[in-house]
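A look at the structure
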Amino acid sequence: MGKVVVALDPPPKGNPESWVKERVEVLGNLPSAFKVGLPLLLRTGVSRLKELISISDRPVIADLKLADIGEVMSYAVEAVADAGVKAVIAHAFVGRRGALDKLVQTSREVGVDLLLLVSMSHPGSTEFIDKHLNELVAEALELGVWGVVAPATRVSVIRTVREIAGSKLLIFSPGVGVQGAEPGSAICAGADYEIVGRAVTGSPNPKEALKRIIAEQEERVRLCRS
Ligand code: BMP
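Residue positions are given per chain, counting from 1 as you read along its sequence in written order. Selection of residues for local features in this predicted model requires a pLDDT of at least 70, selection of side-chain atom pairs for listing and counting requires 80 or more, and totals for whole chains, interfaces and linings are taken over all residues. As a convention, hydrogens and water are excluded, and side-chain values are obtained from all of the structure's heavy atoms.

Digging into the state of the cysteines
Our working definition: Put simply, a disulfide is two cysteine sulfurs that come within 2.5 Å. Under the scheme used here, helices are H or I runs from DSSP no shorter than 4 residues and strands are E runs no shorter than 2 residues, and both carry numbers assigned from the N terminus. Exposure categories follow from relative accessible area, calculated using a 1.4 Å probe and restricted to protein chains: below 20% of the type maximum is buried, above 50% is exposed, and the middle band is partly exposed.
Counted according to the given criterion, the structure contains 1 disulfide. Shown here is the disulfide that connects C188 with C224, its sulfur atoms set 2.2 Å apart. Taking the torsion about the S-S bond as the criterion, the C188 to C224 disulfide, at about -95°, is left-handed. With C188 in helix α7 (residues 185-189) and C224 in helix α9 (residues 206-225), the pair connects residues that are 36 residues apart, well separated along the chain. Judged by its relative accessible area of 31%, C188 is partly exposed.

Below you can see the structure in the form of structure tokens.
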């Protein structure tokens, strides 16, 4: 069983709804989950999201990358909860008081799991965010969230997160494929799921592309665990 979350980010040209539908239908149950973010939500709106979610059995993660005061983040979570998303992604750096404490409370009330971003896959993440990695993971642990997002492009970060969090947090890792990380490398470093976007969705045959990525992931994980 592969451990891949497919990021559905429709490019600017074309119809975003048919773009998503075509991919969700052919990928079926191969992905562990789908992730949708602003490139889709800004163009379709949350009301259309509900319909898109209904064509798949897989859970959907809303990648809102929230970074606001608690009250406003809560409104956003309530909006996507209505569409039936499994989880929402927020930035950990906004801190707890007046922000994440409220977000955690609202998410629980509306039955949405929370993923906190503790490090990012682009190089600039080391300029500010990564300097506080240990504190951000500790904060995620204290808040008792479902998991964190940490980059497949810097596996040392994943190792640190796993060391601090033990088995108390799931780790979702973007950066596999177009951003350069090899399938399976993040899981070998301690992640639970790898997030893959364009390497699957930009392929002329997304299903075959995902199958290849899953096969590679399984092989690398088999080797690193043997
Ligand atoms: P791709 O595989 O096409 O590079 O897509 C990666 C996905 O993961 C995108 O949806 C992006 O928003 C997300 N992501 C990322 O690339 N780096 C991060 O640090 C956090 C993310 O959510």
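Quick notes on helix α3 (residues 70-81)
Stated formally: What a helix is expected to span follows from its residue count: subtract one and scale by 1.5 Å. Note: the arc covers the axis-to-C-beta directions of the helix. In what follows, a contact means two residues having at least one pair of non-hydrogen atoms within 4.5 Å.
Here α3 is 12 residues long and its end C-alpha atoms lie 16 Å apart, about the 16 Å a rise of 1.5 Å per residue gives. All of the buried residues along α3 are G70, M73, S74, V77, V80 and A81. For α3, the arc enclosing every buried residue in end-on projection is 130°, short of the 170-degree limit, so these residues lie on one face. Turning to α3, the residues buried within the fold contact α2 (38-54), β3 (60-66), β4 (87-91) and α4 (96-110).

Digging into the pairing of strand β1 (residues 4-8)
Put simply, the rule is: If DSSP finds at least two bridges between two strands, the strands pair. Handedness of a crossover is defined as follows: orient the strands so they point away from the viewer, and if the path from the first strand over the helix to the second runs clockwise, the crossover is right-handed.
Along β1, 5 of the 5 residues are buried, which leaves the element largely enclosed by surrounding structure. Of the two faces of β1, the one lined by V4, V6 and L8 and the one lined by V5 and A7 are each fully buried. As paired elements, β1 and strand β8 (residues 193-196) share 3 bridges and run parallel to each other. Its bridge partner being in β8, V6 is matched across the sheet by V196. Following the chain from β1 across helix α1 (residues 16-27) to the adjacent parallel strand β2 (residues 33-37), one finds a crossover that is right-handed.

Overview of the site of the ligand
As a reminder of what qualifies: Residue proximity to a molecule or strand is established when one non-hydrogen atom of the residue lies within 4 Å of it. Residues adjacent in sequence count toward polar contacts only when both atoms are side-chain atoms; beyond that, a polar contact is any pair of N or O atoms within 3.5 Å, and within protein one must be able to donate a hydrogen and the other to accept it. Here the accessible surface of atoms and residues is derived via Shrake-Rupley with a 1.4 Å probe, and residues count as covered only by protein chains that are part of the display. Amino acids outside the nonpolar list (Ala, Val, Leu, Ile, Met, Phe, Trp, Tyr, Cys, Pro) and the charged list (Asp, Glu, Lys, Arg) are all regarded as polar, and Gly is one of them.
Around the ligand, 15 residues are found, and the nearest of them are D9, K35, S121, G197 and R198. Side-chain polar atom of K35 to an oxygen atom of the ligand: 2.7 Å apart, as the coordinates give it. Surface burial for the ligand is 88%, taken as the share of its 470 Å² of free accessible area covered by protein chains. Of all the elements in the fold, those that place two or more residues in the shell around the ligand are β3 and β8. Here the residues of the shell around the ligand are counted per class, giving 7 nonpolar, 3 polar and 5 charged.

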